[in-house]
Amino acid sequence: MILPQFEYRRARSVADAVALYKKEKGKALYLAGGTDLIPLVKLRLQAPKAVIDLKGIEDLRIIASRGGSLSVGANVTLFDLKKDPVIAAHFPVLIESLEATACETLQMRGTLGGNILQGTRCLEYNQSLEWRKARGFCLKTGGKECNVVRGAKTCFANYCSDNAPSLISLGAQLRFTGPGGERTVKLESLFTGDARTPFAMEGGEVLTHILIPLKKTKGAYEKLRVRESMDYPLVGAAVSVIDGKARVCVGGVGGAPRLYVIGDIRDAAAVRDVAEKASADAKPVANATVSPVYRKKMVGTLVKRAVRRALAEGKR
Amino acid sequence: MKTIKVSFNINNEDVALDVRPYETLLETLRERLFLTGAKEACGLGACGACTVVVNGIPLRSCLVLTPEVEGATITTVEGLREDGKLHPLQETFMEKGAVQCGFCTSGMIMTAKALLDRKKKPTKKEIVTTISSNICRCTGYKKIVEAVEEAAKRMATA
Amino acid sequence: MKDDLNIVGKRVVRSDSLAKVTGEARYTADLTFPGMLVAKVLRSPYPHAKIVGIDVSKALKVPGVKAAVSGFDSYGVKWGVFRYTQDHAMLHTDKVRYIGEDVAAVAAVDEETAMEALSRIKVDYEPLPAVFDPFESMKDGAPQIHEQYKNNINIHINIDVGEVDRAMEKAYLVREDTFKAAGEAYAMMEPYAVVASFKNGYLDLYMPNAGPHVRAKALSNMLKLPLNRVRIRHINSGGAFGGRSEVAPGDLVASLLAIKSGRPVKLVLSREENATSSRQVHDIIATIKTGMKKDGTILAKDYKVIYDGGAYSSTGPIATSIPFYVYEECYRFPNVRYNGYRVFTNKGIRGMYGCHGRAFLAGNEAQMDVMAKELGLDPVDVRLKNGLKSGEMTATKSKITSCGLKETIMTASEKTNFRKRWAKPSRLKGVGMGCVAIMCGFPMGFRSGSSCYVKINDDGQVTLVTGLVDNGQGNESMVIQVASEVLGVPMADINLVNADTEVTNLDPGAYSQAAAFVGANAVRVACENAREKIVAIAAEKLKVKVKDVGLKDGSAYSLKNPDKKMPISWVVREAFFRGEPITGTGSFFPNIDFEREWVTRPWGQMAGTFSFGTSIAEVNIDGETGKITMPRFTSAHDCGRAINPMAVEGQMEGSIQQAGVAAITEGNLWDGGYLLNPNLLEYKVPLACDMPDMDTIIVSSRDPAGPFGAKEGGLTVRMNAYSAVACAVANATGELFSELPLTPDRVMKMLERKKGVKG
């Protein structure tokens, strides 16, 4: 499967990357591991005039503690992250979601930044141009309505990062540098809620660092999938517990992960309520390999299970 | 579109090529260097049949742009033999019956090679985790796991 | 049968594996020829539409484009495996019948140019109403997909033995259930590819195929070329599993482009195209009614099975029959009625599959267990009671000549402590057993046999020439091993020339489980004939009796005094001197009733012999998520004698993956005529981490006619592994499955149904 034509640019620094982006008049895409981007371009779901390779930027590969946070460069690969002793000691939820991401080979190429900024997925969307032309374009590809839910004007594509829910549960923030300068945002506020354009980002912004509050946590990540490797989550539930307070984040259903807070993790009723609420909030549709009714139910099941395991310190 | 100059070392040989900026490493290997051991089975990174080792990391070459490997050291299945002698993985894949149709074999061997290069004595579970990056349609994987285990043993005693 | 064999029965390294581990093995897409062009196919975006016109003229104007073709450039000859199923012209000029169907194609200097050219082809379609569900398709007034098939019923197989209705009345227990299964993807790792070149009036073709001779015949018909002008060449094949048995549209497309351009043409399908536009596997809905005596004896079976056949006949009558036959070859049915319907829909073409028939077979076996339970019987006893034995006839009059069914049941159940565990399953844990038999070859007219020519060269090395095909299962190595045994020449000294229609003779191919029983038998006979000549000269030279000559390690020696020996090469040179070089021909034609016909006369000897197998799955179900895990899987297989036990195990293990674990992961997903998972991410081929611990047991029954007693190796597991899984899930949940694959959502439904939860 050949790629469409585009130019290749190599950025030496973040500033260089942003300058290149401006030079390409915004018709460029940033390239890190490429494990999400290249398939999208091959399927003609993205049509950049140029790709700007960020892998040469040293600063984006550094893990360091800074001011009470662990700062993870966006280009650190998922595999390297898994082996980081600080992460292992502080963020069990993240270790579990990293383990659960794709497969080992893809973890060695895929970066944390790329994992967070991966596109939303749908059985009717992640298809070749020929396939989609034959089907008729859906909302996300410029059509008038959703191809999964007939008549719907909402896009139901799923945000399938395993690690974003974990990071949200940990209270992570993202640092961007773009044409308009630098900014830092909470990860949960990255999302627009519209699965067509899932991220609230300015054109040309580079995700440079992921900042995780450096506190010891308990946590667990539960992932529903058909195969134990390679598969994206059909539902993902991340739980992190700090001082008895739990942050629960559900991914894999709809265009944005959803965050819930449980004041006292030992309050069984509160846990049940959040699980039920998460399940009620989830609006899965028939765009993944198992039934939507089931996925909806599993949201609650996985939340409860993740909480249970987080309390048992990760024991399965 | 203008081509890009790319240099890298492949199977102990330095090469300098003019490639399309949007050319994948898999295309370069197969069409320019005639190294057809790496296969295109899915083209989207979902199967691992195109895996080659780049700077010690197993990469799905269908997802890598050739300009990205500037300056890299690359090993493909064709470069595994040393002085005509088969790599232990090549021997054990044969001896254990880990090869059937053979279409996944090079990717599978290269994935396993990267594991054995970074880990001297992998557990069976680690081997299973590693090769769960690759699809084999024929074997049920049992003999592949056995072949990797046996190769690890041979490499440890070598 | 002698047991003192030198190499047959040994775990030998397969002859093809060195090239495969070094990356040197060539597959079709690896080939390059001077001046070779790249082809691309324009496909139908409609599930059903009239073709008003196709204009390729603008495509031809794109610089670098050397040829463009559509059905208007072909003779419009419709191919069919049978005279009465000729409905597939490969490139049609009247209608398109599924999304992804080949409509036109170009050949250009590179892929980018070819893609650009495709976008310039203008096709005028008049969309027609389409139908995707076989039940809808059979209704009066449904869109007619082919003129000649009323109600879109492509094939109706009716088998009626005994008096089913009366037997049902007499039965102590009668049960009827309906089981569904999604069609699978072959998902062979190698996407279909073809290279065609036309020079001096000869068409040379390379493609992964399971039968070059039948392919050449089809192309010779469609291209109106004499058969000798179409030469299918040998090439490695990256898996077939039934999906490379027939001539493919790409074969015709590449041939037409090569003829038009005068240059070699390569067409490589994408993974998506391989899924949508090569072959798919039938979706099946099987209604199974069984009447049993109180003691578990099956009195009667009444079947209605619907096969969603997609848009064309393909192997229609065979596909509509095989699931029934592999079951009746396993159990005794005094009264049985089978109504199999293959129905057209506007979906991709469905072909035969190694694991074909899972709704039917798993349904039968799971239902048997539920009935056994109701009667207070044990599944092992019920299977032993109903299982066929050597010397018996099947319901449709095939004689079973060797049968290790009982041994496979006993060994597998004893090794797993099956009876005890089945009787008292722990919560959400279960064990299940599936049995089946497989015909080793089936009637294919004069193509049912195989032949071999062997010559011994002046260096004592051997060349075998045979039509036998290898799609990755190890058939090539198997016949080299057989020749090595007979001739006493090491495997490394035997070259094989095979599956090349110019030089090799007819062979049934690698899709009817005939390679070992038929193909290897022909090799054995040819080598025995050559051996006789070697032995005659050697006896004379060694001054011993003919019966006292042995052949081993490239030498002829005296059995009585092994020190007395001479290299076979000396014998060969002597033979050359005498003007009678050492060569041998041999053939094998199985004992099949050739009056037998799939539709009109479904009885008589089906195959020369039958293999048998039993699988036992152990499952654990997560009660909260419905997810099944399989800690262990045990399969016992009567393959006669395993020529290479390591290769047979490999077949069995692969079958556990492709049928057993697939029963919880694999199925094509559809949105009307759109295939939703034509890729390897959303189509779930099991991964290493999804595999159970596997125990494969080879049971030997030594078939009297098989080469060294061999029958087919591995396919029984491919057709009973899902049954074992379905039975294990029934054992764990107390519920019968209704649809495969048993993805967690479906299992959850079963658990809820059990609990009486609605929804």
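This report concerns the structure included in the present document.

**Things to note about the packing of aromatic side chains**
Thought 1: Counted by the stated rule, this structure contains 27 aromatic pairs over all chains.
Thought 2: Taking 5.4 Å as the distance between ring centres and 85° as the angle between the ring planes, the aromatic pair formed by C:Phe517 and C:Phe588 counts as edge-to-face. Note that C:Phe517 is positioned in helix 15 (residues 515–542) and C:Phe588 in strand 25 (residues 583–588), a separation of 71 residues in sequence. As far as burial versus exposure is concerned, C:Phe517 and C:Phe588 are alike and both buried.
Thought 3: A:Arg135 extends its terminal NZ or CZ atom over the ring of C:Tyr674, reaching a point 5.1 Å from the ring centre.
Thought 4: Across from the ring centre of A:Tyr125, 4.6 Å away, lies the NZ or CZ of A:Lys140, which sits over that ring.

**Topic: the state of the cysteines**
Thought 1: The tally for this structure, following the rule as stated, stands at 0 disulfides over all chains.
Thought 2: Just so you know, A:Cys103 is unpaired, no disulfide at all, and the nearest cysteine sulfur is the one on C:Cys689, 9.5 Å from it.
Thought 3: Relative accessible area serves as the criterion here: at 2%, A:Cys103 is assigned to the buried category.
Thought 4: Note on B:Cys62: no disulfide assigned, nearest cysteine sulfur contributed by B:Cys50 at a separation of 3.8 Å.

**A closer look at unusual backbone geometry**
Residue and element names in this part refer to chain C.
Thought 1: A cis amide bond, omega 0°, links Leu740 with the succeeding residue Pro741.
Thought 2: As for its position among the elements, Pro741 is in the loop between strand 31 (739–740) and helix 20 (744–755).
Thought 3: At Asn151, a position not held by glycine, the phi torsion is positive, near 55°.
Thought 4: Within the fold, Asn151 resides in the loop between helix 4 (134–138) and strand 7 (153–161).
Thought 5: Residue Asn151 is classed as buried on the basis of its relative accessible area, which comes to 16%.

**Structural notes on the interface of chain A and chain C**
Thought 1: Taken together, the contact between chain A and chain C spans 31 residues of the former and 34 residues of the latter.
Thought 2: A combined buried area of about 2900 Å² lies between chain A and chain C, and 58% of that area is made up of carbon and sulfur atoms.
Thought 3: Measuring nitrogen to oxygen at the nearest pair gives 3.3 Å for the salt bridge that ties A:Asp231 to C:Lys684.
Thought 4: Put simply, the parts of the chain that give the side of chain A that touches chain C at least two residues each are helix 8 (129–135) and helix 11 (292–311) of chain A.

**So, the interface of chain B and chain C**
Thought 1: Taken together, the contacts link 44 residues of chain B with 53 residues of chain C.
Thought 2: Here chain B and chain C share an interface that buries about 3700 Å² over both sides, 58% of which is from carbon and sulfur atoms.
Thought 3: Linking chain B with chain C are 6 salt bridges, by the criterion used here.
Thought 4: Across the salt bridge formed by C:Glu24 and B:Arg81, the nearest N and O atoms sit 2.9 Å from each other.
Thought 5: Applying the counting criterion to the chain B and chain C interface returns 29 residue pairs in polar contact (both at pLDDT 80 or more).
Thought 6: Counting only elements with at least two residues in the side of chain B that touches chain C, the list comes to helix 2 (88–95), helix 3 (105–118), helix 4 (124–131) and helix 5 (142–157) of chain B.
Thought 7: At 4 residues, helix 2 of chain B tops the list of elements feeding residues into the side of chain B that touches chain C.
Thought 8: Class assignment for the residues of the side of chain B that touches chain C results in 21 nonpolar, 11 polar and 12 charged.

Calculation notes
- Residues numbered from 1 in each chain as written.
- Chains lettered and ligands numbered in written order.
- Predicted model: local features only at pLDDT ≥ 70, side-chain atom pairs only at ≥ 80, totals over all residues.
- Heavy atoms only, no water.
- Phe/Tyr/Trp six-rings, centres within 6.5 Å; stacked < 30°, edge-to-face > 60°.
- Helix = DSSP H or I, 4+ residues; strand = E, 2+ residues; numbered from the N terminus.
- Buried < 20%, exposed > 50% of the residue type's maximum accessible area, 1.4 Å probe, protein only.
- Lys NZ or Arg CZ within 6 Å of the ring centre and 35° of its normal.
- Disulfide = S-S within 2.5 Å.
- Contact = heavy atoms within 4.5 Å.
- Buried area = accessible area lost by both parts, 1.4 Å probe.
- Salt bridge = Lys/Arg side-chain N within 4 Å of Asp/Glu carboxyl O.
- Polar contact = N/O pair within 3.5 Å; in protein donor to acceptor, adjacent residues only side chain to side chain.
- Nonpolar A, V, L, I, M, F, W, Y, C, P; charged D, E, K, R; others polar.

In short, shape yes, function no, at least from these values alone.
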